[in-house]
Amino acid sequence: MPFSDVPRRVDEIRGRIAAAVSRGGHGQLVRIVAVTKTHGPDAVVAAHAAGLEDVGENRVQEALEKREATRELQMRWHLIGHLQRNKIRFLDQFDLVHSMDRARVADAIDDWARDGDRRTDVLMQVNVSGETTKGGFDVDSLPAEADRLAGAAGLRVIGVMTMAPWGASEQELRDVFSAARGARDVLRAAGHPADELSMGMSGDYEVAVEEGATLVRLGTILFGART
Ligand SMILES: *Cc1c(COP(=O)(O)O)cnc(C)c1O
C-alpha cells in the first residue's frame, strides 16, 4: 500500500468513526493515533499530509529517531509500548504515555517527573481479559491503585488504555472495551481527570468507538502490513 493513499484511507476511516460514534451514542470526539512502528519517517510525513496530528510508537528509541527526523511537523507523540526504566529520562519527548502498566512504572515516572518539577500525562493500561502475555493493571487492583496514585504529584492520569485479545469475537471485544470504560469511571471516582479511552486498533476500532474510545491506535489500516 503506497503512502500516497494514506489521505484517502484516513477519509474513509473518519467516516467509519463518525458512524460508530452515532451508533454507540457516547458523543465523544475521537482522535486517530497513527502507529508508525517499523516504518520510516515517511510514514509520519504521510500521516501529517493526511491531516493527522498524533503519532504512536511502542519503542522509545525508534520514536526519538523519527521525531527528530520530522521535528518541523509538530506532531503529538504517544508512547504506546512498555516503558523500560532506563528510558524514563526521555519521557519529556512524549506528549502522552498510554502504557503505564504496573505500579513500579507508575512510581518511576512519578519520581522522574517530580525531580524535574514536571507533571506527566499518562493513561493507566488495564488488562481486562487477564491474558498473561499482556501488561496492565488488573481490574481488581484498580480501585486501590487509583486511590494510591491520586497522591502522585508527578502524574496526571487522564484516562485508560486497553488492548483486546487477538481473535476476540465481537461480544468479547464489547465486554473488554466496556470494562475499560468502567475502569475510567473508577479513576474519576478517585479524583483523576480521566477523560480519555485509548482503545481500538486496525481490526477492532469501530467496536471500540461504539464503546466510547477517544483515541484509536491505527497502524496496519493506514500504512499496510508490517514486515
Ligand atoms: C502496533 C500497535 C497498534 C497498532 O496495531 P494495528 O493492528 O497495526 O493497527 C496499536 N496499539 C499498540 C499498543 C500497538 O503496539
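Above: the structure in question.
Since the structure is predicted, the reported quantities are computational estimates derived from the model, not experimental observations.

A. Main features of unusual backbone geometry. Not every positive phi belongs to a glycine, and Thr 38 is a case in point at roughly 75°. Structurally, Thr 38 can be placed in the loop between strand E1 (31-35) and helix H2 (41-49). Classification of Thr 38 by relative accessible area gives partly exposed; the value is 48%. Phi at Gln 74 takes a positive value of approximately 55°, unusual for a residue other than glycine. Tracing the sequence through the fold places Gln 74 in the loop between helix H3 (60-69) and strand E3 (76-79).

B. Quick peek at H2. Listed as buried for H2 are Ala 43, Val 44, Ala 46 and Ala 47. The arc that holds the buried residues of H2, viewed along the axis, is 160°, so those residues lie on one side. Structurally, H2 contributes buried residues whose contacts are with helix H1 (6-24), E1, strand E2 (54-57), H3, E3 and helix H8 (220-223). Where H2 ends, the next residue or the one after it, Gly 51, has phi of about 90°, a positive value.

C. Representation of the packing of helix H5 (residues 142-149) against helix H6 (residues 170-189). Their axes nearest at 9 Å, the elements H5 and H6 cross at an angle of 40°. As the angle between them shows, H5 and H6 are arranged oblique. Pair H5 / H6 crosses with right-handed handedness. For the pair H5 and H6, contact is made by Leu 142, Pro 143 and Ala 146 and by Ala 183, Val 186 and Leu 187, respectively. Here the contact of H5 with H6 is composed, by residue class, of 6 nonpolar, no polar and no charged.

D. Broad picture of the site of the ligand. Around the ligand, the surrounding shell consists of Val 35, Lys 37, Asn 58, Ile 80, Met 163, Met 201, Ser 202, Arg 217, Leu 218, Gly 219, Thr 220 and Arg 226. One nitrogen or oxygen atom from the main chain of Gly 219 is found 2.8 Å from an oxygen atom belonging to the ligand. Here the ligand loses 91% of its free accessible area of 390 Å² to cover by the protein chains. Of the residues contributing to the shell around the ligand, the split by class is 5 nonpolar, 4 polar and 3 charged.

What counts, and at which threshold
Residues numbered from 1 in each chain as written. Predicted model: local features only at pLDDT ≥ 70, side-chain atom pairs only at ≥ 80, totals over all residues. Heavy atoms only, no water. Helix = DSSP H or I, 4+ residues; strand = E, 2+ residues; numbered from the N terminus. Buried < 20%, exposed > 50% of the residue type's maximum accessible area, 1.4 Å probe, protein only. Arc of directions from axis to C-beta. Contact = heavy atoms within 4.5 Å. Axes fitted to C-alpha atoms, helices over the stretch in contact; angles between N-to-C directions. Parallel < 35°, antiparallel > 145°, perpendicular 65-115°, else oblique. Left-handed = near helix turned anticlockwise from the far one by under 90°. Nonpolar A, V, L, I, M, F, W, Y, C, P; charged D, E, K, R; others polar. Near = heavy atom within 4 Å. Polar contact = N/O pair within 3.5 Å; in protein donor to acceptor, adjacent residues only side chain to side chain. Areas by Shrake-Rupley, 256 points an atom, 1.4 Å probe, with all protein chains shown as cover.

So, to be careful, I would describe these as geometric facts and stop short of saying anything about function.
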